[in-house]
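Summary of the model geometry
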Amino acid sequence: MSDKSQTAACPCGNTTAKGKALAYAACCGRYLDHWDSQPAPDAQALMRSRYTAFVRENAAYLQASWHASQRPQSLEFDPASKWLGLEVKDFQATGESTAEVEFVARYRHAGRAVRLHERSRFVREEGRWYYVDGEQF
């Protein structure tokens, strides 16, 4: 991966406390590029990294971070889709090892603007968070 892609703003849009965009390597790149050794610390970080994985078309990371009970056999990316941004609306622990994240992801599909609004469910097993499923609004 190029140095430029490592230092570019992370696609998830995460910022510092002062509002400065976080670089990919300091944000989601830590988890996407080091899945085996550095799992996302919470459900929100996993959700953000999964968004980034969709942007970067990283099927291996998406599959690995999907709970085995819901994981699809394969993933395909639509070349007519372009991801435009992510807004995290809510993040809450729902139990000791469960959490929910509500978000809106914007993308353009074949020139048409689309909003994906979802409340996603996550579970932590053996110290690692996994995406389970979500309810779309």
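Presented here is an overview of the structure given in this document. As the structure is a computational prediction, the values presented were derived from the model and not from experiment.

1. Looking at the sheet that holds strand E4 (residues 128-136)
For sheets, the rule is that strands pair by backbone hydrogen bonds, running either parallel or antiparallel. Pairing in this open sheet of four strands is antiparallel, and the strands run E1-E2-E3-E4 from one edge to the other. With one partner strand each, in any of the chains shown, strand E1 (81-95) and E4 form the two edges of the open sheet. Strand-to-strand twist in this sheet, taken as the mean axis angle between neighbours without regard to direction, amounts to 25°. Pairing of E1 with strand E2 (residues 98-109), which is carried by twelve bridges, proceeds in the antiparallel orientation. Its bridge partner lying in E2, Lys82 is registered against Arg108. Helix H3 (residues 43-55) rests against E1, E2, strand E3 (112-125) and E4 of the sheet, and its axis sits at about 165° to E1.

2. With respect to the pattern of salt bridges
Scanning the model with the defined rule gives five salt bridges in all. The partner of Lys89 in a salt bridge is Glu87, and the shortest N-O contact between them spans 3.5 Å. The class of Glu87 is partly exposed, set by a relative accessible area of 42%. A salt bridge links Arg119 to Glu102; its shortest N-O distance comes to 2.8 Å. Of this pair, Arg119 sits in strand E3 while Glu102 sits in strand E2, and the two are 17 residues apart along the sequence. With relative accessibility at 16%, the residue Arg119 sits in the buried group. Given the relative accessible area of 14%, Glu102 is considered buried. Put simply, Asp90, Glu100, Glu102 and Arg119 are held in one network by salt bridges that share partners.

3. Describing the side chain of Glu100
Relative to the helices and strands, Glu100 is located in strand E2. Separated by 3.4 Å, the side chains of Glu100 and Arg119 make a polar contact. Among all residues touching Glu100, those that are not within four sequence positions of it are Asp90, Phe91, Gln92, Thr94, Arg119, Ser120 and Arg121.

4. A few points about H3
If you check H3, its first and last C-alpha atoms are 18 Å apart, about what 13 residues at 1.5 Å a residue would give, namely 18 Å. Most of H3 sits inside the fold, with ten of its 13 residues counted as buried. The elements touched by buried residues of H3 are helix H2 (29-32), helix H4 (59-64), E1, E2, E3 and E4. Backbone geometry just after H3 places Glu57 at a positive phi near 55°.

5. What about the state of the cysteines?
Applying the stated criterion across every chain yields a total of zero disulfides. The thiol of Cys10 is not disulfide-bonded; the next cysteine sulfur, from Cys28, is found 3.6 Å away. Of the residues examined, Cys10 reaches a relative accessible area of 5% and is grouped as buried. Its sulfur unpaired, Cys12 is 3.6 Å from the next cysteine sulfur, which belongs to Cys27.

What counts and what doesn't
Residues numbered from 1 in each chain as written. Predicted model: local features only at pLDDT ≥ 70, side-chain atom pairs only at ≥ 80, totals over all residues. Heavy atoms only, no water. Pairing = 2+ DSSP bridges. Helix = DSSP H or I, 4+ residues; strand = E, 2+ residues; numbered from the N terminus. Axes fitted to C-alpha atoms, helices over the stretch in contact; angles between N-to-C directions. Contact = heavy atoms within 4.5 Å. Salt bridge = Lys/Arg side-chain N within 4 Å of Asp/Glu carboxyl O. Buried < 20%, exposed > 50% of the residue type's maximum accessible area, 1.4 Å probe, protein only. Polar contact = N/O pair within 3.5 Å; in protein donor to acceptor, adjacent residues only side chain to side chain. Expected span 1.5 Å × (residues − 1). Disulfide = S-S within 2.5 Å.

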